[in-house]
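Residue-level structure breakdown
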Amino acid sequence: AAGHPKGAPKPVFTYSAKPPAGIPTSAIHLDISPDSDVWWRWDATTGSYRRYYGTSPALLGDGAQIQATNVVVEQVVVTPSPYVEDATGIHENYVGVDGSGPAEVARDGVVIKGRWVHPTPAAPTQLLDAAGQTIPLAPGPTWIEFLPTTSPASPAP
């Protein structure tokens, strides 16, 4: 927001330092495809989730491991587009991020199951628990995974 006349934008999500009740879990496994076996493992020492591809750490360009305070998994409808992505002939996908669907929010070593709701492109996405209450995220970096509805997400105890 430095130098921007309107200041910093409003937060997209609700945040709270106090974690909501959830299912204690040490990892989340996203079996996206045979070529994309994603794991987020809770690291209580750093208070963050660390991203892996199988057992290999997912690294940034500087060699640091990808990590986030919150991991949000939104199950979405994915359909192939008519557009060829690369020389292998694989098509790009359309990812349905308007509407609603199942969601899991991982923070502070627990997972809260609920729904994501995004009624229009102009509205922010809401993360709601089973009772319809907002799921607050912990202050810090958030990673959102769009998981095809045809792929399973499985919190590990």
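To start, this report covers the structure provided alongside it. (Residues numbered from 1 in each chain as written. Predicted model: local features only at pLDDT ≥ 70, side-chain atom pairs only at ≥ 80, totals over all residues. Heavy atoms only, no water.)

Quick look at the nonpolar core now. Core analysis: the largest hydrophobic core is formed by 13 residues, its most contacted members being I28, L30, W40, Y49, V71, V73 and A106. Of all the secondary-structure elements, those providing two or more residues to this core are strand 2 (27-33), strand 3 (36-43) and strand 7 (70-84). Core analysis: the next-biggest nonpolar cluster, separate from the first, contains eleven residues, F13, A103, V105 and I112 among them. (Core = buried A, V, L, I, M, F, W, Y, C linked by side-chain atoms within 4.5 Å. Buried < 20%, exposed > 50% of the residue type's maximum accessible area, 1.4 Å probe, protein only. Helix = DSSP H or I, 4+ residues; strand = E, 2+ residues; numbered from the N terminus.)

In this section: unusual backbone geometry. Phi at D108 takes a positive value of approximately 55 degrees, unusual for a residue other than glycine. Structurally, D108 can be placed in the loop between strand 9 (99-107) and strand 10 (110-118).

Turning our attention to the pattern of salt bridges. In a structure, side chains of opposite charge can pair up when their charged atoms sit close to one another. What the rule picks out here adds up to four salt bridges. D43 is the salt-bridge partner of R50, the closest N and O atoms lying 2.9 Å from each other. The class for D43 is buried, based on a relative accessible area of 18%. Note that D108 is salt-bridged to R107, the shortest N-O span being 2.6 Å. What makes D108 partly exposed here is its relative accessible area of 35%. (Salt bridge = Lys/Arg side-chain N within 4 Å of Asp/Glu carboxyl O.)

What follows deals with a nonpolar patch on the surface. A contiguous nonpolar surface patch, about 230 Å² in accessible area, is contributed by V95, I144 and F146. Looking at where F146 falls in the secondary structure, it is placed in strand 12 (residues 142-148). (Patch = residues over 30% accessible without salt bridge, like charges linked within 9 Å, V, L, I, M, F, W, Y side chains within 5 Å. Areas by Shrake-Rupley, 256 points an atom, 1.4 Å probe, with all protein chains shown as cover.)

Before going further, it helps to examine the pairing of strand 7. As paired elements, strand 7 and strand 9 share five bridges and run antiparallel to each other. Each bridged residue has a counterpart across the sheet, and for E74 the counterpart in strand 9 is A103. Note that strand 7 and strand 12 share seven bridges and pair parallel. The residue of strand 12 that forms the bridge with E74 is F146. Here strand 7 pairs with strand 8 (residues 91-96) via five bridges, running antiparallel. (Pairing = 2+ DSSP bridges.)

This brings us to the pairing of strand 9. Where strand 9 meets strand 10, nine bridges bridge the pair, whose relative direction is antiparallel. By the bridge assignment for strand 10, P102 is matched with R115. Counted between consecutive antiparallel strands, the loop separating strand 9 from strand 10 contains two residues, among which D108 sits at a positive phi close to 55 degrees.

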